[in-house]
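Chain by chain, the residues run as shown.
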Amino acid sequence: MSEMIEGHGGELALAALRAYGVTEMFTLSGGHVFPLYDAAHKAGFPIYDVRHEQSAVFAAEAVAKLQRRPGLAVLTAGPGVTNGISGLTSAFFNASPVLVMGGRAPAFRWGSGSLQEIDHVPLVAPVTKYAATVAGTDQIPAEVARALTAALTAHRGPAFLDLPLEVLFSSEDVAAPGAPEIPVVEPDPGDVARAAELLAAAERPVIIAGSDVWGGNAIAELRAAAEALQIPVFANGMGRGALPPGHPLAFARARRPALDGADVVAVIGTPLDFRLGFGEFGAARVVHIVDAPTQRAGHVETAVSPAGDLRLILAALADHTGPRADHSGWIDGLRVAEDAGKARDAEAMAAESDPIKPARVYGELRKVLAPDAVTIGDGGDFVSYAGRYLEPAQPGTWLDPGPYGCLGTGMGYAMGARVTYPDRQICVLMGDGAAGFSLMDAESLARQKLPVVIVVGNNGIWGLEKHPMQAMYGYDVAADLQPGLRYDHVVEALGGAGETVEKSSDLGPALERAFDAGVPYLVNVLTDPADAYPRSSNLA
Ligand SMILES: Cc1ncc(C[n+]2csc(CCOP(=O)(O)OP(=O)(O)O)c2C)c(N)n1
Ligand SMILES: [Mg+2]
């Protein structure tokens, strides 16, 4: 007979959460979820609290993204849960295994108008892999196990459970949850063989690797496949850094010539979405390698689309023994374009200007960032520049909001990153507009002794909206912010520290101070409002 556990709903939930590798909770208080706190408190299980529920979900998502295990946010009934929906949706787009546990008004008097009474499940069902109300205290461990199994099964994503008040506050004696069993999706061997043949025989192949390669723990297999087949690799999302910047097959700046010239493009572990021109690569044939059949693109004709565990698929590509074309001329040509792009970047990153341009901020930041630093982007143009100029040296060190593009991830992601890596540099690159969504959580970070560095690109505008609106209409509305605002004073008032930088020569010393501060530290860089990130489509 399996072991029995006894306790109130919070204790039963905690036992199941721990069995699945959850090691902390992120939350904002509410009486509906007190038993979860009681269980955690008594067990010495860390509780981190925030000032807005979306930060709790973003923190849980950062933990899930960085550690490839479930992140937990506990939200109170009603507004607590609805405030978490943008976070859940981001996790859904990012395939992040997040579990949100919500309180819920009592079931026994449902419909009588209890405080914060609303049925959350239909609200979150479209953006979760599993969403349910736990019907009885005895069912809590099994429901937690079911939700986390769904979250961890490829294609990964968030799950939601809510617990009616009396279900969570009552006690039961139930069987302990067994060890997690996460199903592995087996790819079709014919599809994998066809993909390998196409890539090996291609004259000018390219790989684009995305977040699921990291999320599926397939970085080593990606590298082995690229090396075995000699294919240049570009990356986006959590795939960035999969091949270290010095690797002969690692490319970032030669994307245009690569995609224009390629005859076969393999997109691995990322959707054929707007970030990849919707998967239209001219005459190139497209191999779309995904971690589950549901992820195959419906809008693009692909040559083949192997679906399944990415480690299995990529290991099979690495083992391919059939005939292969020589790609060395193609790789050498791209290297020339890459080096030219890098030289242009280096110039921009060193350029003196008044006001400071974002490129220079990243030039200075690169000098102080350690190879294992976690960098987090939350903003518009300022973050597009971060994506261009920061080169993650290792995979799993760059957090962007992903294709849902939700502003406001910054402080929550920073909290999750700091909890994950107590000793690494954690640096948030934030637009001044984006700062408005989550900067109050600098208080949560300061109070809970979670120091991070926040670099604000303060151009006094919603840059990624103001410039396109000007281009489109010749005027703009709702696109201005207060220029020169002292966001550093905000963080000081919240228990951290900071400073404002107006001259590029002051950037380096300010960043050094920031990383040594030991408290949340905001470097408020006044940047040029006239500067606009060059992009082909300006709609965001
Ligand atoms: C929650 C949310 N609201 C609005 C937007 C639309 N949006 C995208 S970028 C952007 C401007 C961001 O401005 P800022 O953070 O100051 O960065 P900048 O472009 O000025 O560098 C806006 C409003 C969004 N993506 N997410
Ligand atoms: Mg701005």
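Think of each chain on its own: its residues are numbered from 1, step by step along the sequence as written. Following the order in which they are written, the chains are lettered starting with A and the ligands numbered starting with 1. Confidence filtering applies because this is a predicted model: local features only for residues at pLDDT of at least 70, side-chain atom pairs given and counted only at 80 or more, and all residues used for totals across whole chains, interfaces and linings. Side-chain metrics rest on all non-hydrogen atoms present in the structure, leaving aside hydrogens and water.

Trainee: Hey, could you go over the overall build of the protein for me, with residue numbers and the actual values?
Mentor: Here a helix means four or more residues in a row that DSSP labels H or I, a strand means two or more in a row labelled E, and each is numbered from the N terminus. Secondary structure summary: the protein contains 22 helices and 18 strands in total. Throughout, radius of gyration means the C-alpha value; the globule benchmark is 2.2 Å times the number of residues raised to the power 0.38. For the protein, the C-alpha radius of gyration of 24 Å lies close to 24 Å, the compact-globule estimate for 540 residues. Seen along its three principal axes, the alpha-carbon backbone of the protein occupies a region of about 70 × 60 × 45 Å. For each residue, the accessible area found with a 1.4 Å probe, counting protein chains only, is set against the maximum for its type, and the residue is called buried under 20%, exposed over 50%, and partly exposed in between. Burial statistics for the protein: of 540 residues in total, 58% are counted as buried. Within the protein, counting contacts between residues at least 6 apart in sequence, those at least 24 apart form 75% of the total. Surface accessibility of the protein: about 20,700 Å² in total, with carbon and sulfur atoms responsible for 54%. The contact criterion used throughout is that any non-hydrogen atoms of two residues lie within 4.5 Å. Only the protein chains shown count as cover for residues, and the accessible areas themselves come from Shrake-Rupley with a 1.4 Å probe.

Trainee: Mind laying out the packing of aromatic side chains, listing which residues take part and the relevant values?
Mentor: Pairing of aromatic rings covers Phe, Tyr and the six-membered ring of Trp, with a centre-to-centre limit of 6.5 Å; geometry is then stacked below 30 degrees between planes, edge-to-face above 60, and tilted otherwise. This structure, assessed with the given rule, holds 10 aromatic pairs. Measuring from centroid to centroid gives 5.8 Å for F58 and Y413, while their planes differ by 85 degrees, and the two rings are edge-to-face. Here F58, found in helix α3 (residues 53-67), pairs with Y413, found in helix α17 (residues 410-420); they are 355 residues apart in sequence, far enough to count as distant. By relative accessible area, which is 0% here, F58 ends up buried. With a centroid separation of 4.8 Å and 35 degrees between ring planes, the pair formed by F93 and Y404 is classed as tilted. In this pair, F93 is assigned in helix α5 (residues 85-94) and Y404 in the loop between β14 (398-399) and α17, connecting sequence segments 311 residues apart. Judged by its relative accessible area of 41%, F93 is partly exposed. Owing to a relative accessible area of 35%, Y404 belongs among the partly exposed residues under this scheme. By way of ring pairs, the aromatic residues Y385, Y389 and Y533 are connected into one cluster. In this analysis the charged atom, NZ for Lys or CZ for Arg, is taken to sit over a ring once it is within 6 Å of the ring centre and within 35 degrees of the ring normal. Seen from the ring of W214, R68 lies directly overhead, with NZ or CZ sitting 3.7 Å from the centre.

Trainee: Describe in detail the coordination of the magnesium ion (ligand 2), supporting the description with residues and values.
Mentor: Each metal's donors are the N, O and S atoms within 2.8 Å of it, or within 3.2 Å when it is Na, K or Ca, and because water is not part of the set, sites may look incomplete. All of the protein donors around the magnesium ion (ligand 2) are D432 (OD), N459 (OD1) and I461 (O); their distances to the metal are 2.1 to 2.2 Å. Positions of the donor residues of the magnesium ion (ligand 2) along the chain correspond to the pattern D-x26-N-x1-I. Placement of the pair is D432 in helix α18 (residues 432-438) and N459 in the loop between β16 (453-458) and α20 (463-473), with a sequence separation of 27 residues. For D432, a relative accessible area of 3% puts it in the buried group.

Trainee: Break down the pairing of strand β17 (residues 497-501) for me, citing the residues and quoting the values.
Mentor: In this analysis, strands are considered paired if DSSP registers two or more bridges between them. Bridge analysis of β17 against strand β18 (residues 521-526) gives five bridges, and the strand direction is parallel. Opposite E499, over in β18, you have V523 as the bridge partner. Orient the strands so they point away from the viewer; a crossover is then right-handed if the path from the first strand over the helix to the second runs clockwise. As a crossover connection, the stretch from β17 through helix α22 (residues 507-516) into β18 is right-handed.

Trainee: So, the side chain of D432: which residues are in play, and what are the values?
Mentor: Positive charges are assigned to Lys and Arg, negative charges to Asp and Glu, while His and the chain termini are left out of the count. One speaks of a salt bridge when a side-chain nitrogen belonging to Lys or Arg is within 4 Å of a carboxyl oxygen belonging to Asp or Glu. Despite its burial, D432 remains without a salt bridge, the nearest opposite charge being carried by K466 at 11 Å. Counted as a polar contact is a pair of N or O atoms within 3.5 Å, where, for protein atoms, one must be capable of donating a hydrogen and the other of accepting one, and residues adjacent in sequence contribute only when both atoms are in side chains. A polar contact of 2.7 Å, which involves the side chain of D432, links it to the backbone nitrogen of G460. Within polar-contact distance, the side chain of D432 engages the backbone nitrogen of I461 at 3.5 Å. When residues no more than four places from it in sequence are discounted, the contact partners of D432 are V456, G457, N458, N459, G460, I461, L481 and Y487.

Trainee: Tell me what's going on with a nonpolar patch on the surface, and back it up with residues and numbers.
Mentor: Only residues whose relative accessible area exceeds 30% and that take part in no salt bridge are eligible for patches, with like-charged residues grouped when within 9 Å of each other and nonpolar side chains (Val, Leu, Ile, Met, Phe, Trp, Tyr) grouped when within 5 Å. Taken together, M472, Y473, Y475 and V477 make up a surface patch of nonpolar side chains, about 440 Å² in accessible area. For V477, the location among the structural elements is in the loop between α20 and α21 (487-493). V477 gets classed as partly exposed once you look at its relative accessible area, which sits at 48%.

Trainee: Requested: an account of the site of ligand 1, with residues and values cited.
Mentor: When we say a residue is near a molecule or strand, we mean one of its heavy atoms is within 4 Å of it. In the vicinity of ligand 1 there are 17 residues, among which D381, G405, D432, G433 and G463 approach most closely. With respect to ligand 1, the backbone of F382 contributes an N or O atom lying 2.9 Å from an oxygen atom. Within the contact set of ligand 1, a nitrogen atom lies 3.3 Å away from a backbone nitrogen or oxygen of L407. Protein burial of ligand 1: of its 590 Å² of free accessible surface, 80% is covered by the chains. Secondary structure elements with two or more residues in the shell around ligand 1: α16 (381-389), α18 and α20. The element that contributes the greatest number of residues to the shell around ligand 1 is α18, accounting for four residues. Residue composition of the shell around ligand 1, grouped by class: seven nonpolar, seven polar and three charged. Residues are sorted three ways: Asp, Glu, Lys and Arg are charged, Ala, Val, Leu, Ile, Met, Phe, Trp, Tyr, Cys and Pro are nonpolar, and all the rest, Gly among them, are polar.

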